[in-house]
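Single-letter residue listing:
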Amino acid sequence: MSLSIRSATPADISLIGQFIRDLAEYEKLAHEVRFDEAVMAQKLFGPRPFAEVLIGEIDGTPQGFALFFHNFSTFEGRPGIYLEDLFVRPDARGSGLGKALLGKLAALAVERDCARLEWSVLDWNTPAIDFYKALGARPMDEWTVYRVDGDALTGLAAHSI
């Protein structure tokens, strides 16, 4: 068995879309998926890419992906990498591909002089939590994620000056 990781290209947009739908199904959030592949392709591969994608392959067949982007730590005064999505197809789990994708992200973080690599995980996803802890990740229990979207986002934007 041969593991490999490569950067995604515009030709991978349908594959990326399928990975996202598969992840959403696993997370019981399929009803939340509403992206348009053409728009996503522009946002990932257009003149100003907002995120990057790695494709993980086993014996040349895509079996997983990691979608990530840079954030910035004011306390550290350096960038970080935020992992938005990590997914390995169920039949490929246990192959080492998930660890290899995270390892590649860690290597990119070191190479790009980032202070950290971070991500979120659903509270109920104990297999993922156990996997991350085994890699040395620690939960940031003292932080709560907040989100503004939809009408609330539009309403807040109306307060812009």
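The present account deals with the structure reproduced in this document. (Residues numbered from 1 in each chain as written. Predicted model: local features only at pLDDT ≥ 70, side-chain atom pairs only at ≥ 80, totals over all residues. Heavy atoms only, no water.)

Section: the overall build of the chain
Link 1 in the chain: Counting its secondary structure elements, the chain contains five helices and five strands.
Link 2 in the chain: Order of helices (α) and strands (β) in the chain, N terminus to C terminus: β-α-α-β-β-β-α-β-α-α.
Link 3 in the chain: The globule rule puts the C-alpha radius of gyration for 161 residues at 15 Å, and the 17 Å found for the chain is close to it.
Link 4 in the chain: Dimensions of the chain, computed from the C-alpha atoms along their principal axes, are close to 55 × 35 × 35 Å.
Link 5 in the chain: Taken across its 161 residues, the chain has 31% of its residues classed as buried.
Link 6 in the chain: Expressed as a percentage of contacts within the chain between residues at least 6 apart in sequence, the contacts between residues at least 24 apart total 59%.
Link 7 in the chain: Looking at the chain, you have 16 positive and 23 negative side-chain charges, and the mean spots of the two groups are 3 Å apart. (Helix = DSSP H or I, 4+ residues; strand = E, 2+ residues; numbered from the N terminus. Rg over C-alpha atoms; globule rule 2.2 N^0.38 Å. Buried < 20%, exposed > 50% of the residue type's maximum accessible area, 1.4 Å probe, protein only. Contact = heavy atoms within 4.5 Å. Lys, Arg positive; Asp, Glu negative; His and termini not counted. Charge placed at Lys NZ, Arg CZ, Asp CG, Glu CD.)

A look at helix 1 (residues 13-26)
Link 1 in the chain: Helix length check: helix 1 (14 residues) gives 20 Å between terminal C-alpha atoms against 20 Å at 1.5 Å per residue, within 8%.
Link 2 in the chain: Once helix 1 ends, the next one or two residues include Lys-28, with phi positive near 60°. (Expected span 1.5 Å × (residues − 1).)

Note that all results are geometric; they support no functional claim without further evidence.
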